[in-house]
Amino acid sequence: MLIPCYAAIYLVTSLASKAQTQKHGITQANEFVNLTEFFVNHIQPDLKSANVNEFPVLKADGIKYIMIFRNQVPKEQLLVSIPLLINHLQAESIVVHTYAAHALERLFTMRGTNNATLITAPEMAPFVEVLLTNLFKALTFPGSSENEYIMKAVMRSFSLLQEAIIPYIPSLIAQLTQKLLAVSKNPSKPHFNHYMFESICLSIRITCKANPAAVGSFEEALFMVFTEILQNDVQEFIPYVFQVMSLLLEIHKNDIPSSYMALFPHLLQPVLWERTGNIPPLVRLLQAYLEKGANTIASAAADKIPGLLGVFQKLIASKANDHQGFYLLNSIIEHMPPESVDQYRKQIFILLFQRLQNSKTTKFIKSFLVFINLYCVKYGALALQEIFDSIQPKMFGMVLEKIIIPEIQKVSGQVEKKICAVGITKILTECPPMMDTEYTKLWTPLLQALIGLFELPEDDTIPDEEHFIDIEDTPGYQTAFSQLAFAGKKEHDPVGQMVNNPKIHLAQSLHKLSTACPGRVPSMLSTSLNAEALQYLQGYLQAASVTLL
């Protein structure tokens, strides 16, 4: 009796499949095969059987049918199949409960109108508790304690259900923490581990979005395990721990908690920075420290500032990691009290110029341009000119002529371009030496370059020799960095509160300058600025409702 059932499912699957992908299942089906009718009459009755452990091969084939033909079966039938799949998470057969978890995960990723999920959180409301219970129960079956399909289904369920999981979070985070502790003894399933950390991040994000104060409960639950992972040097998990800690720290509204400050000196230890997989999450974590606790670091850990700058120095010496060094440096400049870094500023610029001289790459130039313009925004254009010229007379003019004016078009990224635009506007309009010294000849070319940054396509050319930069040697095995999607950092705009529209800001700043120096600005524009750039500038002035005197 059973053989025809298996044969029927196999026959229908073979006849109906015309095109298939691993990601989407069947994408093209034979119109002569009624897939829905077969599903209702033959698949559903088998899956509705009360005993989930009988006929495991038949049940596995039935679940596979749902998975394969999920795009052809109507949504109402998929909704009918969801409680059946949830029920089969309890099956003792590793194949059946794995297929059930995988099928649920695939259904939860399907897209409907407006690219929203086809299955919605309200439609899942009646099944939330049993779904979560059965998923975690499935992880207790022999052979499935580190089943990546089940953990991926946990992650996808959290993502779909959102705030519906909040009532269950204490139990869920306890189970996830317990699992994390167990697998940290001997990490062997990279995909399982990744989905586990993603699930932890989702728990934190969803709960703290509704109640930011809940961050303390997560720290209480996780820090003991994190401490053990760090102390035992579980290399595979350390980059994940840093990402989760960054997420937690970024949620804090007030000053940095003492538990984080106790860890701060350890994060600067050179051994941690030797592993390439640690660098991106460690930089992000230090950025979170600077954002939330710059004043605390300046007052209670001032002796650690040289260590922080030592990390920056190590990173910018590397072609592979120099951008990470700039991320750290930008956060230091943006957040640290000016007096706490005064004594180090000149040395920072000297280090950057040494790297420019010894090993100039397009990536380094782009990062350098963003940094000097952020410095200009933070400390003022005159401070930027003075620090350059204190290193070497007339160096400010050389940087304008050789780096900023010819290279600014290479800067990419909306926030990065905005920082550069605001910085250059300050140099043009708030730096007296630009109006009455040998630097004056660079005023119009700099304005022309800024208008080009606004209006011309980005210059993404890379010199031929840079296509063949050697990959830096990394001795032995290095744990790769795996970015957690649900620990993602929001893009930060350091000039957002100050300037909304940089073109309008330029027009207003030029108007202010022309008021202070009547006749100078229009004269410089009419003699040297090209006609197209002048036309664009007139548009900015009109939009800002200002004129030049």
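Everything numeric here is computed off the predicted structure, so don't read it as measured data.

Moving on, we come to the overall build of the protein chain. A tally of helices and strands in the protein chain yields 27 helices and two strands. Along the three orthogonal principal directions, the C-alpha set of the protein chain runs to about 95 × 55 × 45 Å. Residue burial in the protein chain is summarised as follows: out of 549 residues, 51% are buried. Total accessible area computed for the protein chain in this model is approximately 25400 Å², and 54% of it derives from carbon and sulfur atoms. Between the centroid of the 43 positive side chains of the protein chain and the centroid of its 49 negative side chains there is a distance of 2 Å.

For the protein chain, the assigned domains are domain 1 (1–119) and domain 2 (129–234). Counting residues at the interface gives 18 residues for domain 1 and 18 residues for domain 2. Surface buried jointly by domain 1 and domain 2 totals about 1500 Å² across both partners, of which 73% is contributed by carbon and sulfur atoms. In terms of surface lost to domain 2, no three residues of domain 1 exceed Leu89, Glu105 and Phe108, which account for 34% of the buried area on that side. Linking domain 1 with domain 2 are one salt bridge. Of the charged contacts in the structure, one is a salt bridge between Glu105 and Arg156, with a shortest N-O distance of 2.8 Å. Along the contact surface separating domain 1 from domain 2 lie four residue pairs in polar contact (both at pLDDT 80 or more). Residue assignment for the side of domain 1 that touches domain 2 shows that the elements contributing at least two residues are helix H4 (75–88) and helix H5 (94–109).

In this model helix H21 (residues 395–407) runs 17 Å from its N-terminal to its C-terminal C-alpha over 13 residues, within 8% of the 18 Å that 1.5 Å per residue would give. Largest kink in H21: about 30°, centred on Glu401. Buried residues of H21: Met395, Phe396, Gly397, Val399, Leu400, Ile403, Ile404 and Glu407, and no others. Buried-residue contacts for H21 involve helix H18 (338–358), helix H19 (362–379), helix H20 (381–391), helix H22 (414–429), helix H23 (433–436) and helix H24 (443–455).

In this model, Asn114 sits at a positive phi of 55°, which is unusual for a non-glycine residue. As for its position among the elements, Asn114 is in the loop between H5 and helix H6 (121–124). Despite not being glycine, Asn115 shows a phi value in the positive range, around 60°. Residue placement: Asn115 occurs in the loop between H5 and H6. The class of Asn115 is exposed, set by a relative accessible area of 56%.

What follows deals with the nonpolar core. Counting 191 residues, the largest nonpolar core has Tyr289 and Trp443 as the members making the most contacts within it. Per-element tally for this core: the top contributor is H19, with twelve residues. Looking at this core, you find at least three residues from each of domain 1 (1–119) and domain 2 (129–234).

Going through the model one piece at a time under the given rule, you end up with 20 aromatic pairs. When the centroid spacing of 5.9 Å and the interplanar angle of 65° are considered together, the rings of Phe353 and Phe368 count as edge-to-face. Highlighted residues: Phe353 in helix H18 and Phe368 in helix H19, separated in sequence by 15 residues. Ring-pair connections join several aromatic residues into one group, and the members of that group are Phe326, Phe349, Phe353, Phe364, Phe368, Phe371, Tyr375, Tyr379, Phe388, Phe396 and Tyr439. Geometry around Tyr379 places Arg345 over its ring, the cationic atom sitting 3.8 Å from the centre.

The next thing to look at is the pattern of salt bridges. Tallying each qualifying case throughout the model produces 16 salt bridges. We note a salt bridge from Glu250 to Arg284, for which the minimum N-O separation is 2.8 Å. One end of the pair, Glu250, is in helix H12 (residues 238–251); the other, Arg284, is in helix H15 (residues 279–300), and 34 residues separate them in sequence. Accessibility classification places Glu250 together with Arg284 in one group, the buried group. Close ionic contact of Glu274 with Lys314 constitutes a salt bridge, the shortest N to O distance being 3.6 Å. With Glu274 in the loop between helix H14 (270–273) and H15 and Lys314 in helix H16 (residues 305–316), this residue pair connects regions lying 40 residues apart in the sequence. On the basis of relative accessible area, Glu274 is assigned to the partly exposed category, the value being 48%.

Below, the discussion takes up the environment of Gly62. Along the chain, Gly62 falls in helix H3 (residues 56–68). Sequence separation of Gly62 and Ile166 is 104 residues, and the distance between their C-alpha atoms is 33 Å.

Turning our attention to H19. A rise of 1.5 Å per residue sets the reference length of H19, with its 18 residues, at 26 Å; its end C-alpha atoms lie 26 Å apart and thus fit the reference within 8%. Note on H19: the residue one or two positions beyond its end, Gly380, has a positive phi of about 105°.

Moving on, we come to the confidence of the model for the protein chain. The predicted model of the protein chain averages 90 in pLDDT, with 91% of residues at 70 or higher. In this model residues 468–478 is a low-confidence stretch, pLDDT under 50, and it forms nine contacts with partners more than four residues away in sequence or in other chains.

What counts and what doesn't
Residues numbered from 1 in each chain as written. Predicted model: local features only at pLDDT ≥ 70, side-chain atom pairs only at ≥ 80, totals over all residues. Heavy atoms only, no water. Helix = DSSP H or I, 4+ residues; strand = E, 2+ residues; numbered from the N terminus. Buried < 20%, exposed > 50% of the residue type's maximum accessible area, 1.4 Å probe, protein only. Areas by Shrake-Rupley, 256 points an atom, 1.4 Å probe, with all protein chains shown as cover. Lys, Arg positive; Asp, Glu negative; His and termini not counted. Charge placed at Lys NZ, Arg CZ, Asp CG, Glu CD. Domains from an automatic or database assignment. Contact = heavy atoms within 4.5 Å. Buried area = accessible area lost by both parts, 1.4 Å probe. Salt bridge = Lys/Arg side-chain N within 4 Å of Asp/Glu carboxyl O. Polar contact = N/O pair within 3.5 Å; in protein donor to acceptor, adjacent residues only side chain to side chain. Expected span 1.5 Å × (residues − 1). Bend = angle between axes of the 7 residues up to and from the residue. Core = buried A, V, L, I, M, F, W, Y, C linked by side-chain atoms within 4.5 Å. Phe/Tyr/Trp six-rings, centres within 6.5 Å; stacked < 30°, edge-to-face > 60°. Lys NZ or Arg CZ within 6 Å of the ring centre and 35° of its normal. pLDDT = per-residue confidence, 0-100.

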